[in-house]
Amino acid sequence: MQDIATLVENLETTNGAQAANEAGALGSFAQKHREEMQAWQDKFCEMASVYAMCLDENGVPLTEFSGNAHEIGIIRKYISPIRIHNIYKRVSESDLEDQAVEITEVPNLKLAALAVGDKGKLSAVWIVAALFTDAKYEKSFFHCPPIENFQYQITEEKFYKTLDLMRATLGVLITVEASRSQAIAISEGSKLKELEMTSSFHRAETMTEIVSLLDSDDVIEEIMVDVLSKLCTYLQISNAFTCRIHHGNLMDIVVQWTHPGVGKLFPETTDQEVCWFLGTQKAIVISSDTQMNAGEREQLENLGIRALVSMPVVINGNPMFYACLTENRENRIWSIDDIKFVNDAIRIMQSIITKRLQTNSLASSFASLEAVLDNVGSSIYVRDITTGVLLFANRSFKKNFSKELTENKLANLFETNIPSRSHSGNYEVHHRDREKWYDVYYTRIKWVDGRPVSLCAIYDITEKKLYQKRIEQQAYTDFLTGLFNRMCCEKDLARYVDEARQTGKRGALMYLDLDDFKHINDSLGHQYGDALLQDISKTISRIEGISSSCYRMGGDEFVIIVPPDSYSQIDKIMEEIKNAFATPWYLKDSDYYCTMSMGVVLFPDHGDNVSELIRKSDVAMYEAKKSGKNRIAEYSDNIDSSSIHRLDLEKNMYSAITKKCDEFEVYFQPVISEGTVNGKRHIGAEALVRWNSNSLGFLHPDEFIPLAEYLGLITPIGNHVLMKACECCRQWNDTGLGDFSISVNVSVVQIMQNDIVDIIRKCIEENGIKPSNIVLELTERLAINDLARTKQTLLDIKALGVRLALDDFGTGYSALSSIRALPFDIIKIDKDFAKDIVDDKYSQAVVRSMVDMGRAIGAEICVEGIETQEQIEIVKGLGAQYLQGYYFDKPLRRAAFEEKYVYNG
């Protein structure tokens, strides 16, 4: 059993236990991330050729060493737990050192520790062991011979670069995880606040309805039912009753209320045995987990009660009735707010009963009402509707609004928004002098003397409004720079455009992009790139006239709005922006110059649509970049349409890449064997990419491939085509109708990627196809790149079993010696030679010589551009093995190709 005085202590104990349970739940979460961390670490070590493990902030292992188990066992002989502990302490306890490298007894084995964390707080320490292939040492200094022929070995220079990469990568991951955790906490806090606000609204609404019963002319029993009904509906309680005790141990049930579908507690209402929780002058609170003796528990079970609150209704110092609320459907743990609310409502019901019993004493009734309203958790005042005279203000109202009472400003402050014919309702009021927000609930009732009055209950919701403002600020703020973000930019721009249109003034929008920012990121590291973005943000936001209208749109792009009120200063503003970028930025103990290109549009001159204004400013910025960078360009309708088209292509290409390249379709053109031309049996197909853009429509490769290479986006597009080609190859060969091969074009940019061999291997293994069924076609441009590096990459690819073809031979830069040096299986002669081959002796001589050279170096010849039967006869006579061209078919969508060549071939 509990009374109100002890309820707080018990609920706090319950909350403490709940917090302990929630803390215990963290174990499974950490375990999940430990497994993900091990998987990431294994992949990183395989890529970097090092051995590594991770310790948490207390030095407890989170992961095991990654690498070959046998090799790790040998390494652990020289890297003892004590040595690991010592190097861990060295970086985890130092304020100056977050990385340490130490030698071991083995001359080419070194041990490193790398501490990572967020905002100065240690998160983890990675222990990294590396075997150097180029170690220099004095034999007399070491007692052990070097370790050789292990799976993971690395040069000393690459080892230190690997540590830098590891630190940067883990730093980003930890920051992202911290931001994600913060976002989750904010989201959960927002949901909790929303629930609290909703509950507060319903509680205030219910209490206003109960207070309005003070003026009811209904009989006492009906008022009791109304009060119990409103209480139980708000608290979602199944049963309630009031009773009166007589003859010491008997009771009569005065009224009962039950939730629809729930049975009554007392079928008989007179001379019932008094329940053990009645008969005292204190409130009794029983939650489902309350301890009690067997007899007490038995009586509750007989009545089907799982939780209850019982309160005496005291008249003239003695309990005249008892009001009981019970929950019979499910377990219930009462909260402090529940009990306080029930207590307030019962006190109001007590005042109503007192008023009825003392109808001959108006003063006594008013005193009772005042006592009740003085203890309700809101500020309340009552005003005569006819005369406007203030009839009553409770203690809370007098305390919080004494100045307004003295100055007679209540009506202007709280009642101006009340509709003339409205009987009840609520609205918000902003008290500007106090910078406070209030919820006002009003209702019209009859006062104790019968006159019509307006009763207003005021709740302070300032904390709620400030919380909402903080949430809005977070939604509109860029966390890296502190500037406003794109969402806020669009909202503010719409407001400024509307202001300019209404006032007849003019404003400006400036779209600013840093020139060659990628070079700073790549050369100094992302942490210095971030520092530069922060410095630039602080600088431009200090410029007078635009201090509150600077925005980061993402990456290295910023927008500055010159509001109509500041437009007269636009020349000065642009001059200060140019001056800011004319001076160096201090990064990594040195001065670095970073210029910008900026596009300017005027509103409403250049339009009044937000999206259109941003787009036009972006177009103007691109024009500035095209004109040589480090300059400002104002938008005009005369800007070259090619610039606009190029910008549209660029933006849509970035968008398509983020959507997993789904807009890029793979077409197939048949490749025909010379020996089966008449039957047109193909040996395979060439995969060709087409871009079916959602915004720009169907685009041929010539329109977008050069741009993709320039932007560095050809690699994801090429990887997408390679994967789709391998999937088709698997599905076609699974039909059992033939042994199909597919040729895939690979750009020079792709070949120069360090992971190209791994990507090709993954595509083959995931689809389970024969490597020889994939032919990678490369252009002659390969020959003008690093020949030694290119040859090694191609040899590594051929080692997988993949065949290589030289595409478009005769149009580029290569020499025969370069072709001979590279391991091509097929040489594809460009269509220009096939075009005139019927009559042109030179073209015939080239094809004949290439066939002879192919035989000499073991390469087959494919002639492209075949369009006539005469060309076929000539090429067959010259000895070419494969033919391709529109004579056989143009590039087809996958479904059309399969129907024509795979299933009906």
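Quick caveat: nothing in here was measured; it's all calculated off a predicted structure.

## So, the sheet that holds strand S11 (residues 379-384)
Spatially, 5 strands are ordered S12-S11-S15-S14-S13 in an open sheet, and the strand pairing comes out antiparallel. The two strands at the open ends of the sheet, each matched to only one other strand, are strand S12 (390-393) and strand S13 (424-431). Neighbour-to-neighbour, the strand axes of this sheet turn through a mean angle of 25 degrees, independent of strand direction. One ladder, built from 3 bridges, connects S11 with S12; its direction is antiparallel.

## A short note on the nonpolar core
Residues Phe664 and Leu776 are the most contacted members of the largest nonpolar core, which totals 77 residues. It is helix H21 (residues 714-734) that provides the largest number of residues to this core, a total of 9 residues.

## Topic: the pattern of salt bridges
Side-chain pairs of opposite charge can arise whenever the charged atoms involved come near each other. As enumerated under the stated definition, the model contains 43 salt bridges in all. Notably, a salt bridge pairs arginine 90 with glutamate 102, separated by 3.0 Å at the nearest N-O pair. Of the two residues, arginine 90 is situated in helix H4 (residues 81-92) and glutamate 102 in strand S2 (residues 99-103); the sequence distance between them amounts to 12 residues. Taking relative accessible area as the criterion, arginine 90 reaches 33% and is therefore assigned partly exposed.

## Describing the pairing of strand S27 (residues 774-779)
Counting buried residues along S27, 5 of its 6 residues qualify, which places the element largely inside the surrounding structure. Relative to S27, strand S26 (residues 741-745) runs parallel, the two being bridged by 4 bridges. For isoleucine 742, the partnering residue across the bridge sits in S27 and is isoleucine 774. With 5 bridges joining them, S27 and strand S28 (residues 803-809) adopt parallel strand pairing. From the neighbouring strand, leucine 776 faces S28, where its bridge partner is leucine 804.

## A word on the packing of H21 against helix H23 (residues 756-767)
The contact between H21 and H23 brings their axes to 9 Å, and the two run at 25 degrees. The angle between the axes of H21 and H23 places the two elements in the roughly parallel class. In terms of crossing hand, the pair formed by H21 and H23 is right-handed. Each of Asn719, Leu722, Met723, Cys726, Glu727 and Arg730 in H21 lies in contact with H23, whose residues at this interface are Ile759, Ile760, Cys763, Glu766 and Asn767.

## Looking at the sheet that holds strand S21 (residues 596-603)
Here 5 strands make up an open sheet; going across it, the order is S17-S18-S16-S21-S22 and the pairing mixed. Here the strands that pair on one side only, and so sit at the sheet edges, are strand S17 (550-554) and strand S22 (632-634). Adjacent strand axes in the sheet meet at a mean angle of 20 degrees, parallel and antiparallel pairs treated alike. With 4 bridges connecting them, S17 and strand S18 (residues 557-562) associate as antiparallel partners.

## Considerations on the packing of aromatic side chains
Considering all chains together, one arrives at 30 aromatic pairs under this definition. For the pair tryptophan 40 and tryptophan 126, a centre-to-centre distance of 6.2 Å together with 80 degrees between the ring planes defines the contact as edge-to-face. You can see tryptophan 40 sitting in helix H2 (residues 26-48) and its partner tryptophan 126 sitting in strand S4 (residues 121-131), a full 86 residues away along the chain. The partly exposed category is assigned to tryptophan 40, whose relative accessible area is 25%. Seen from their ring centres, tyrosine 381 and phenylalanine 414 are 6.4 Å apart, and the 40 degrees between their planes marks the pair as tilted. On the criterion of sequence distance, the pair formed by tyrosine 381 in strand S11 and phenylalanine 414 in helix H12 (residues 410-414) is long-range, its members being 33 residues apart. Neither tyrosine 381 nor phenylalanine 414 differs from the other in exposure class; each is buried. Taken together, Tyr381, Phe397, Phe401, Phe414 and Tyr438 form an aromatic cluster joined through their ring pairs. In this arrangement the basic side chain of lysine 465 is found over the ring face of tryptophan 437, its NZ or CZ atom lying 4.5 Å from the centre.

Reading the values: the criteria
Residues numbered from 1 in each chain as written. Predicted model: local features only at pLDDT ≥ 70, side-chain atom pairs only at ≥ 80, totals over all residues. Heavy atoms only, no water. Pairing = 2+ DSSP bridges. Helix = DSSP H or I, 4+ residues; strand = E, 2+ residues; numbered from the N terminus. Axes fitted to C-alpha atoms, helices over the stretch in contact; angles between N-to-C directions. Core = buried A, V, L, I, M, F, W, Y, C linked by side-chain atoms within 4.5 Å. Buried < 20%, exposed > 50% of the residue type's maximum accessible area, 1.4 Å probe, protein only. Salt bridge = Lys/Arg side-chain N within 4 Å of Asp/Glu carboxyl O. Parallel < 35°, antiparallel > 145°, perpendicular 65-115°, else oblique. Left-handed = near helix turned anticlockwise from the far one by under 90°. Contact = heavy atoms within 4.5 Å. Phe/Tyr/Trp six-rings, centres within 6.5 Å; stacked < 30°, edge-to-face > 60°. Lys NZ or Arg CZ within 6 Å of the ring centre and 35° of its normal.

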